[in-house]
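Reading the structure
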Amino acid sequence: MYGSWTARMRVSLIVSAGLVAGPALGSATDALSAVEALREGGCGGVVPAARPLRHELALDGVAQQWADGLALAAAAERNGYPALATSGLHVSSAPAGILEALRRYACRTVTSQDLRGVGVFRRGFDSWIVMTADYRAPALPSAGARIALPPALASPPPESPRAALPRTVTAAELASQALGLVNEVRAHGTRCGERPFAPAPPLALSVTLANVAFGHAADMAEHDYFEHRDLNGKSPADRVRAVGYREKLVGENIAYGPKSVEEVVQGWLDSPGHCENIMDPRFAEMGIAYAAGRSGRHGLYWVQVFAEPQA
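First, a word on what this report is: a plain description of the structure on this page. (Residues numbered from 1 in each chain as written. Predicted model: local features only at pLDDT ≥ 70, side-chain atom pairs only at ≥ 80, totals over all residues. Heavy atoms only, no water.)

**Description of the pairing of strand β10 (residues 247-256)**
With 9 of 10 residues buried, β10 lies mostly within the body of the structure. In this sheet, strand β12 (residues 300-309) lies alongside β10 in antiparallel orientation, the contact comprising 9 bridges. Bridge pairing in β12 links Ile 254 to Val 303. (Buried < 20%, exposed > 50% of the residue type's maximum accessible area, 1.4 Å probe, protein only. Helix = DSSP H or I, 4+ residues; strand = E, 2+ residues; numbered from the N terminus. Pairing = 2+ DSSP bridges.)

**Digging into the nonpolar core**
Leu 203, Trp 268, Met 286, Ile 288 and Trp 302 are the most contacted members of the largest nonpolar core, which has 27 residues in total. Contributing elements (two or more residues each) for this core: α6 (171-188), β10, α9 (261-269), α10 (272-279), β11 (285-292) and β12. By residue number, the principal contributor to this core is α6, which donates 6 residues. (Core = buried A, V, L, I, M, F, W, Y, C linked by side-chain atoms within 4.5 Å.)

**Concerning the side chain of Glu 252**
Here Glu 252 lies in strand β10. Exposure remark for Glu 252: the relative accessible area of 1% places this residue in the buried category. Within polar-contact distance, the side chain of Glu 252 engages the side chain of Arg 239 at 3.0 Å. (Polar contact = N/O pair within 3.5 Å; in protein donor to acceptor, adjacent residues only side chain to side chain.)

**Some thoughts on the packing of aromatic side chains**
Two measures describe an aromatic ring pair: the distance that separates the ring centres and the angle between the ring planes. In total, this model carries 4 aromatic pairs according to the counting rule given. Taken together, a centroid distance of 5.0 Å and an interplanar angle of 45° make the contact between Tyr 290 and Trp 302 tilted. Taken together, the residues Tyr 290 in strand β11 and Trp 302 in strand β12 connect sequence positions 12 residues apart. Across this residue pair, the class does not change: Tyr 290 and Trp 302 are buried. (Phe/Tyr/Trp six-rings, centres within 6.5 Å; stacked < 30°, edge-to-face > 60°.)

**Description of the pattern of salt bridges**
Scanning the entire structure with this criterion turns up 8 salt bridges. Here Arg 123 makes a salt bridge to Asp 68, at a shortest N to O gap of 2.6 Å. Taken together, the positions of Arg 123 in strand β5 (residues 115-123) and Asp 68 in the loop between α2 (57-67) and α3 (72-79) put the pair 55 residues apart, joining distant regions of the chain. Between Arg 239 and Asp 230 there is a salt bridge, with the nearest N and O atoms lying 3.6 Å from each other. Residues participating in the shared-partner salt-bridge network are Asp 230, Arg 239 and Glu 252. (Salt bridge = Lys/Arg side-chain N within 4 Å of Asp/Glu carboxyl O.)

**A short note on α6**
In this model α6 runs 26 Å from its N-terminal to its C-terminal C-alpha over 18 residues, within 8% of the 26 Å that 1.5 Å per residue would give. Within α6 the residues assigned to the buried category are Leu 174, Ala 175, Ala 178, Leu 179, Val 182, Asn 183, Val 185 and Arg 186. Considered in projection along α6, the buried side chains sweep an arc of 155° and stay on one side of the axis. Looking at α6, the residues exposed on the side facing more than 90 degrees away from the buried face are Glu 184 and His 188. The inward-facing, buried residues of α6 abut β7 (190-192), β9 (204-205), α9, α10, β11 and β12. Gly 189, located one to two residues past α6, shows a positive phi value of around 80°. (Expected span 1.5 Å × (residues − 1). Arc of directions from axis to C-beta. Contact = heavy atoms within 4.5 Å.)

**Side note on the packing of α6 against α9**
At a minimum axis separation of 10 Å, α6 and α9 run at an interaxial angle of 35°. Like other packed secondary-structure pairs, α6 and α9 cross with a definite hand, here right-handed. Of the residues in α9, those touching α6 at Leu 174, Gln 177, Ala 178, Leu 181, Val 182 and Val 185 are Val 261, Glu 262, Val 265 and Leu 269. Residues that form the contact of α6 with α9 fall into these classes: 8 nonpolar, 1 polar and 1 charged. (Axes fitted to C-alpha atoms, helices over the stretch in contact; angles between N-to-C directions. Left-handed = near helix turned anticlockwise from the far one by under 90°. Nonpolar A, V, L, I, M, F, W, Y, C, P; charged D, E, K, R; others polar.)

**Considering the pairing of β5**
The buried fraction of β5 amounts to 8 of the 9 residues, a majority that puts the element mostly inside the structure. Relative to β5, strand β3 (residues 54-55) runs parallel, the two sharing 2 bridges. For His 55, the partnering residue across the bridge sits in β5 and is Val 118. In terms of strand pairing, β5 meets strand β6 (residues 126-133) through 8 bridges, oriented antiparallel.

**Comments concerning the environment of Ser 127**
When you line up the elements, Ser 127 lands in strand β6. In this structure the C-alpha to C-alpha distance between Ser 127 and Ile 98, which are 29 residues apart in sequence, comes to 8.5 Å. Apart from residues no more than four positions distant in its own chain, Ser 127 is found in contact with Ala 31, Leu 89, His 90, Val 91, Ile 98, Phe 121 and Arg 122.

**Topic: helix α7 (residues 207-223)**
For α7, with 17 residues, the first-to-last C-alpha span of 24 Å sits near the 24 Å given by 1.5 Å per residue. What α7 keeps buried is the set Leu 209, Val 212, Ala 213, His 216, Ala 217, Ala 218, Met 220 and Ala 221. Contact partners of the buried residues in α7: α8 (236-242), β10, β11 and β12. In this structure Ser 206 caps α7, since a side-chain oxygen of it lies 3.3 Å from the backbone nitrogen of Thr 208. Asp 224 sits one or two positions beyond α7 and adopts a positive phi of about 60°.

**Section: unusual backbone geometry**
The residue Asp 224 is not glycine, and still its phi comes out positive at about 60°. The residue Asp 224 is located in the loop between α7 and α8 in this model.

Structure, rendered in structure tokens:
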């Protein structure tokens, strides 16, 4: 699960679920059309074409409640959909830009062959898109009943309330490993989706940005959410400024689930939007950190913060 952010545009990704009865939302047309266009065309031939999704009114309701501030994970628990079966995208863009935003930042998410249903809610320039995998919610259980995941999605319960951590490394060692991987790619140049990037100057580690990254990772882990904006509504740029860092531009990549530095960096490189943050030649400094989930999720939350400091 990955999400990227820059001061120019925000596309947030969260894996969660829910099923809430709700009315048809006519404002969903643009986002729905964008999702179907990408699935039909395989994101311009980058991935195999995928079958159309069912537009489910119940998922429109989920999207609306997400937009209104309800955690999707809570809606899932109450309505029979397991978190692992549903993906959510929050796109902030004018209607004409939704297709391009999804193509650049969430192409592989919306074209997943496992997806079957979709719902959307739109308010102003923001669209909330909720998609479900091949899973049918059972009849609602009685209060307090536990819902079993389908065999294909089931996993053994965690042995402890905390996630398994990467092999024992210090924060400095982890940051150094990540920096080496990132700077190796910047040194040679790469393609982020369909966009080629020339070699870029190496990034330097920033203890300040690493502290900002850890603060957000720990907050997401503690409060069981996955967003670039924290629960106080602060953006990555807000968090960077709050510690006295004087910036021209700020970017952020987040991820949930990877168990090593190599895995998380490769995941970001495989996603065009995150890759573009990594390759942006304007960024000069980077910080990275992770925190283990403590609530409903037990995986690792990763945050990578980029900045171009003021002269």
